[in-house]
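Each chain is listed here by its residues.
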Amino acid sequence: MGAAMRRIHVGNALSAFGLGFTVPYLYVYVAQVRGLGAVTAGLVLAVFAVAALIVLPFAGRAIVRRGPLPVLIAALVTAAVGALGLGLAGSATAVLAAAAALGAGQAVMQPALATMIVDCSTAETRSRAFATQFFLQNLGLGVGGLIGGHLVDTTRVSSFTLLFAIEAAMFLLLAAVVATVRMPHAPRVGDAPRGSSKGSWRQLLGNRAMVQLCVLGFVLFFACYGQFESGLSAYGVEAAGISTSALGTALAANTAVIVVAQFAVLKFVERQKRSRVIAAVGLIWAVAWAVAGYAGLGHGSRETATAAFVSTYALFGLGEAMLSPTVAPLVADLAPAGLAGQYNSAFALVKQLALAIGPAVGGPMAASLHGPYVVTFLVFSLGISVLAVRLGRRLTPEQDRPWLGRNRVVARGAAATEPVGAEA
């Protein structure tokens, strides 16, 4: 990796480390420590989603026009203000306002960072760059959550204020790190030839492959990430009788699989069709939901149910490790010159929609309709495989098998250096 990419990854890991301090404890902080109740705590989580949905449609245009770096710095400063505000807020109004700032900043960070990775990588290095980003994010979140758990004390508001202050400091540190990045010249809309895209949503929606990828992305995030901290955990407690400590073990298993398997999986994924990799993830997640069904609906011992439930999260982690070097580079390859920011923002918007709808649908089902809940999301996982196969038919050979383009470049280079009369 070049110096620019190394700094992007270091800063990304630091911000994830800061998020890990507060994400697991946000509900407890608002509802119990600040004494604002469960309703306000639920509204805070809703405000995160709403703020993201409001700002993301504009984030893509800003990245295209201004470049990802200034947009990212603005998002980081906004997120830092929101994090510090949460740590100091004592009323419901102040908490909700701070949550809106933090949610908006975090949402814009995603496509801005993704676009910086696209601009600082090549087709050959892009999959590895996004895999490294995902690896460091999970490592940072895991380490931050572990340390934060030892610092927090529900009887002292000051301990939570410290956590949010650390989170704000990590955002500002990331801003300082990326401000030193010397970005290579990347195509902007003004650089594109006449008749090319002007960054409009209409043009993006006219890209059938991108539309299909967004539909597929919605199902991916709805069936997996949208269930992690809501439906699946509720199902584990209500149907499988899983303890809260076992839930923590399951989340740790998910992170551990990602951290351990990411680069081993990458070597396999880099030589496979992207559509087939995504289809394989759908099958793996279908198995994960079947194992979850056994954990909650089987008649084994509590220890067996707990082991099955932890295995479910581990299988989800394996699928995530396969997706990280696959989906984000595909979004970049589908984007016309200069519009990576717009396409990244559109995909991030789809992700936020799935993360907002997923818990709202899965939570109530998991708590009362155990069998239908598992069957529903098992079918969604199989749907991922079907959608991935259909998407593969619309992709060009280079988009589905990016190594083809590299091999052709190498072959042309070898032919150009072959001495005259070599065939003779």
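The structure under discussion appears in the preceding block.
Computed from a prediction, not measured in an experiment: that's the story for all the values here.

### Some details on the overall build of the protein chain
Stage number 1. Of the regular secondary structure elements, the protein chain holds 19 helices and 0 strands.
Stage number 2. Per-residue burial for the protein chain yields a buried fraction of 51% across its 424 residues.
Stage number 3. Sequence-distant contacts in the protein chain: of pairs separated by 6 or more residues, those separated by 24 or more amount to 85%.

### Examining a positive patch on the surface
Stage number 1. A cluster of basic residues, Arg208, Arg390, Arg393 and Arg394, forms a positive patch on the protein surface.
Stage number 2. In terms of residues, the positive patch owes the most to one element, helix α17 (residues 370–394), which gives 3 residues.
Stage number 3. Relative to the assigned elements, Arg393 resides in helix α17.
Stage number 4. The class for Arg393 is exposed, based on a relative accessible area of 68%.

### Here's the deal with the environment of Thr326
Stage number 1. Checked against the element boundaries, Thr326 lands in the loop between α14 (302–323) and α15 (327–334).
Stage number 2. Thr326 gets classed as buried once you look at its relative accessible area, which sits at 1%.
Stage number 3. Considered as a pair, Thr326 and Val277 are 49 residues apart in the sequence and their alpha carbons are 7.6 Å apart.
Stage number 4. When near neighbours in sequence (up to four residues on either side) are disregarded, Thr326 contacts Val269, Arg274, Val277 and Ile278.

### So, the packing of helix α9 (residues 208–223) against α15
Stage number 1. With their axes 10 Å apart at the nearest point, α9 and α15 run at an angle of 160° to one another. Between α9 and α15, the angle falls in the class roughly antiparallel. In this structure, the crossing between α9 and α15 has a hand that is left-handed. Taken together, the residues of α15 that come into contact with α9 (itself represented by Ala209, Met210, Leu213 and Leu220) are Val327, Leu330, Val331 and Leu334.

### A short note on the environment of Val30
Stage number 1. In this structure, Val30 sits in helix α2 (residues 26–33).
Stage number 2. On the basis of relative accessibility, which here comes to 1%, the residue Val30 falls in the buried class.
Stage number 3. Filtering out sequence-adjacent residues up to four positions away, Val30 remains in contact with Gly35, Leu36, Gly37, Thr40, Ala41, Val44 and Val95.

### A short note on the nonpolar core
Stage number 1. Counting residues in each nonpolar core, the largest one holds 63 residues, and the members touching the most others are Met210, Leu213, Tyr235, Trp285, Phe309 and Tyr373.
Stage number 2. Looking at this core, the elements that each hand over two or more residues are α9, α11 (231–238), α12 (244–269), α13 (274–297), α14, α15, α16 (340–368) and α17.
Stage number 3. If we ignore the near neighbours within four places in the chain, the residues touching Phe309 are Leu232, Ser233, Tyr235, Gly236, Ile242, Leu247, Ala250 and Ala295.
Stage number 4. Ranked by size, the runner-up nonpolar core spans 58 residues in total, among them Leu19, Leu76, Ala129 and Ala340.

### Considering a nonpolar patch on the surface
Stage number 1. On the surface, Leu139, Val143, Leu146, Ile147, Leu151 and Leu162 cluster together into a nonpolar patch covering about 470 Å² of accessible area.
Stage number 2. Per element, the largest residue contribution to the nonpolar patch is 5 residues, and it comes from helix α6 (residues 126–151).
Stage number 3. Looking at where Leu139 falls in the secondary structure, it is placed in helix α6.
Stage number 4. Its relative accessible area of 34% is what places Leu139 among the partly exposed residues.

### Points about the pattern of salt bridges
Stage number 1. Counted by the stated rule, this structure contains 3 salt bridges.
Stage number 2. One salt bridge in this structure joins Arg126 and Asp333, with 3.4 Å as the shortest N-O distance. Here the residue Arg126 occupies a position in helix α6, and Asp333 occupies one in helix α15, the gap between them amounting to 207 residues.
Stage number 3. Here Arg126 falls in the buried class, since its relative accessible area comes to 11%.
Stage number 4. One salt-bridge network, held together by shared partners, links Arg126, Arg274 and Asp333.

### Looking at the side chain of Asn138
Stage number 1. Positionally, Asn138 belongs in helix α6.
Stage number 2. Since its relative accessible area comes to 11%, Asn138 is described here as buried.
Stage number 3. In contact with Asn138, other than residues within four places in its own chain, are Thr255 and Ile258.

### Concerning the packing of aromatic side chains
Stage number 1. With the rule as written, the count across this model stands at 16 aromatic pairs.
Stage number 2. Relative to Tyr225, the ring of Phe221 has its centre 5.2 Å away and its plane inclined at 45°; by these criteria the two rings are tilted.
Stage number 3. A residue is classified by how much of its surface remains accessible, and Phe221, at 12% relative accessible area, is buried.
Stage number 4. Look at Trp289 and Phe316: their rings are 5.7 Å apart centre to centre, the planes differ by 80°, and that puts the pair in the edge-to-face class.

Cut-off values and rules
- Residues numbered from 1 in each chain as written.
- Predicted model: local features only at pLDDT ≥ 70, side-chain atom pairs only at ≥ 80, totals over all residues.
- Heavy atoms only, no water.
- Helix = DSSP H or I, 4+ residues; strand = E, 2+ residues; numbered from the N terminus.
- Buried < 20%, exposed > 50% of the residue type's maximum accessible area, 1.4 Å probe, protein only.
- Contact = heavy atoms within 4.5 Å.
- Patch = residues over 30% accessible without salt bridge, like charges linked within 9 Å, V, L, I, M, F, W, Y side chains within 5 Å.
- Areas by Shrake-Rupley, 256 points an atom, 1.4 Å probe, with all protein chains shown as cover.
- Salt bridge = Lys/Arg side-chain N within 4 Å of Asp/Glu carboxyl O.
- Lys, Arg positive; Asp, Glu negative; His and termini not counted.
- Charge placed at Lys NZ, Arg CZ, Asp CG, Glu CD.
- Axes fitted to C-alpha atoms, helices over the stretch in contact; angles between N-to-C directions.
- Parallel < 35°, antiparallel > 145°, perpendicular 65-115°, else oblique.
- Left-handed = near helix turned anticlockwise from the far one by under 90°.
- Core = buried A, V, L, I, M, F, W, Y, C linked by side-chain atoms within 4.5 Å.
- Phe/Tyr/Trp six-rings, centres within 6.5 Å; stacked < 30°, edge-to-face > 60°.

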